[in-house]
Amino acid sequence: MKRGLEWLRWGCLAAAIGVLVVFLVAQGQTFDVSYGQSPTRTDPIREGEAGELSDTTVPSVAEMTALVAANPVTRLPGSIAQWDEQQVRAAIGATDVRILVAPPGLDEAERDRVRDVENANITIMGTQVTGDPGQVVADRLTGWRAQFAAGDVTDLLLFLIAHIQDRPEPPDADTIRYRQPTAAELEPVVADLRATGTHGMTDIPSAADAFPNGALFVVLPRQQAGQPIPDYGSALTSVFPGKPIVVMYGEWVEYHGPQAADFAEVAAAGFYGQYSDRLSLYAYPQRNILGAYLDRVTDVRYAGLFDRPLPYQPFDPVRVALPALPWIFAACAVVFLVLTARAVRTAAQRRPGASVRMAGLTALAIEVSGLTGDTTDPALTRAIATLQSAREAVAENLPDQHVAALLDDAEAELDHVAKTLKRREYRPVVYLRGRLA
């Protein structure tokens, strides 16, 4: 009878671990859904065919070298990059940092001439910032918005200057501030949208695939860095409720309207994550940028994320059984806990201290299992497996030091889980205090 209970106890633990592994693996499973080929253009466009090159030229390398030697900041005609001069000047301090600012849309030969100016510590072409050790790029929406809505490269410059001076990198800051548009600013925009559906650009690219039910478009020039910009998107959503609204500031495109909370960041992150490098270097017309953004919106819609019901899914036993797995795990854990507590109370044990500690850690593992997630599940699984190894070591009469080492490892894993969950009461030193007293 006793041996049968031991088999049942360890069988429940094995079943609990197996169920936990299946549940964790199922969380990472994905499936692809295709609704058909997106109609957006997929063939490559050669340089110069999208209007991204300007007629602006730059001086010779010798002339630019002389200009940089004479001035800490050299701006070539047509340059657009802006920054907070007070912050950048304070960051530079007494360091001899020289900045060369060139316009966007240069061809390859002109870009090479700018790069050949060796006495410039930092080179800016368009809003692309390079220096030692290389190019600095924004990696979040706030950085892209400042760069493309206002040509603001303050954060990029501060990061590169800190690297040149071997200082810790400064924290990212959102330099764009919105303000409510005045009545005088809003009235002509609303009038144009009621009349034609567009403001600021008459030749809007086709949006039939991106917004099948139509959309409103507001296209504005690049904004002044450091100054609050009018928040037309929020203001217009109250005037045109339920209508998709696309607002463009310079090279920055943002979406307002239905599903904006879910859709706007998905579209913007996908678009600027792919094209920010080219947009920062070249002088694309706003119409071409808007057209590429609408293509990205079309791709998102064809991916089935919005406006389309999910297609039929074949029967998947794991997916059907998934809701029951936590209950199965809990049942196995409870049986294991009850049998372990019984064994602790009734069995004549060679090492009572280790056994009590083992039971307490097992109870703790079971209790926190319902609170864990992606960041803590691996540690919990390792703790449970280590506890099982400790029990096998006790059953095989292995040295006390080996059992204690296994319990130390399990306790460390559970302590990591409690710290990650920020639940002090589940730290082993706190949880076991009463049980091991």
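Residues numbered from 1 in each chain as written. Predicted model: local features only at pLDDT ≥ 70, side-chain atom pairs only at ≥ 80, totals over all residues. Heavy atoms only, no water.

Q: I would appreciate a short explanation of the packing of aromatic side chains in the present structure.
A: The description of an aromatic ring pair uses the distance of the two centres, along with the angle that the planes make with each other. On inspection of all chains with the given rule, the structure shows 8 aromatic pairs. Between the aromatic rings of F148 and Y272, the centroid separation amounts to 5.5 Å while the plane-to-plane angle is 25°, which identifies the pairing as stacked. A residue pair is termed long-range when its members are at least 10 positions apart, and F148 in helix α5 (residues 141–150) and Y272 in helix α9 (residues 260–281) qualify at 124 residues. Relative accessible area serves as the criterion here: at 0%, F148 is assigned to the buried category. (Phe/Tyr/Trp six-rings, centres within 6.5 Å; stacked < 30°, edge-to-face > 60°. Helix = DSSP H or I, 4+ residues; strand = E, 2+ residues; numbered from the N terminus. Buried < 20%, exposed > 50% of the residue type's maximum accessible area, 1.4 Å probe, protein only.)

Q: Can you help me understand the side chain of E413 in this one?
A: Its location among the elements puts E413 in helix α15 (residues 400–421). Looking at E413, its side chain comes within polar contact range of the side chain of R382, at 3.1 Å. Apart from the residues lying within four places of it in its own chain, the contact partners of E413 are A379, R382 and A383. (Polar contact = N/O pair within 3.5 Å; in protein donor to acceptor, adjacent residues only side chain to side chain. Contact = heavy atoms within 4.5 Å.)

Q: Explain the pattern of salt bridges here, please?
A: Opposite charge on two side chains makes pairing possible when the charged atoms of those side chains draw close. On inspection of all chains with the given rule, the structure shows 16 salt bridges. Two residues, E185 and R179, come together in a salt bridge whose shortest N-O distance is 2.7 Å. Classification of R179 by relative accessible area gives partly exposed; the value is 30%. In this structure, E251 and R222 form a salt bridge, with 2.6 Å as the shortest nitrogen-oxygen distance. On the criterion of sequence distance, the pair formed by E251 in the loop between β10 (245–249) and β11 (252–256) and R222 in the loop between β8 (216–220) and β9 (229–230) is long-range, its members being 29 residues apart. Its relative accessible area of 13% is what places E251 among the buried residues. Residues participating in the shared-partner salt-bridge network are D139, R140 and D172. (Salt bridge = Lys/Arg side-chain N within 4 Å of Asp/Glu carboxyl O.)

Q: Just to check I follow, could you spell out the packing of helix α14 (residues 377–395) against α15 for this structure?
A: Each pair of packed helices can be summarised by the angle the axes make with each other and by the distance between the axes. The contact between α14 and α15 brings their axes to 8 Å, and the two run at 160°. By the angle class used here, α14 and α15 are roughly antiparallel. Here α14 and α15 pass one another in a crossing that is left-handed. Across from A379, L380, R382, A383, T386, L387, S389, A390, A393 and V394 in α14, the residues of α15 making contact are H402, V403, L406, L407, D409, A410, E413, L414, H416 and V417. Residues that form the contact of α14 with α15 fall into these classes: 13 nonpolar, 4 polar and 3 charged. (Axes fitted to C-alpha atoms, helices over the stretch in contact; angles between N-to-C directions. Parallel < 35°, antiparallel > 145°, perpendicular 65-115°, else oblique. Left-handed = near helix turned anticlockwise from the far one by under 90°. Nonpolar A, V, L, I, M, F, W, Y, C, P; charged D, E, K, R; others polar.)

Q: Honestly, the sheet that holds β11 in this entry has me stumped. Any pointers?
A: What holds strands together in a sheet is hydrogen bonding between their backbones, with the strands either parallel or antiparallel. Strand order in this open sheet of 4 strands is β7-β8-β10-β11, and the pairing throughout is mixed. With partners counted over all chains shown, the strands left at the sheet margins are β7 (198–199) and β11, one partner each. (Pairing = 2+ DSSP bridges.)

Q: Got a minute to help me understand unusual backbone geometry in this structure?
A: Of all residues except glycine, most have a negative phi; of all peptide bonds, most are trans. In this structure, D166 is a non-glycine residue whose phi angle is positive, near 55°. The phi angle at K422 is positive, at roughly 60°, despite the residue not being glycine. Relative to the helices and strands, K422 is located in the loop between α15 and α16 (428–431). Assessed through its relative accessible area of 75%, K422 is described here as exposed.

Q: Before we go on, may I ask you to explain the sheet that holds strand β3 (residues 122–125) in this structure?
A: One open sheet holds the 5 strands; their spatial order is β1-β2-β3-β4-β5, and the pairing between them is mixed. Strands with a single pairing partner mark the edges of an open sheet, and in this sheet they are β1 (73–75) and β5 (135–136). Of the pairings in the sheet, the one linking strand β4 (residues 128–131) to β5 comprises 2 bridges and is antiparallel in character. In the sheet register, T130 faces β5, and the bridge partner there is Q135. Across the sheet, α9 touches β3, β4 and β5, and the angle it forms with β4 is around 85°.

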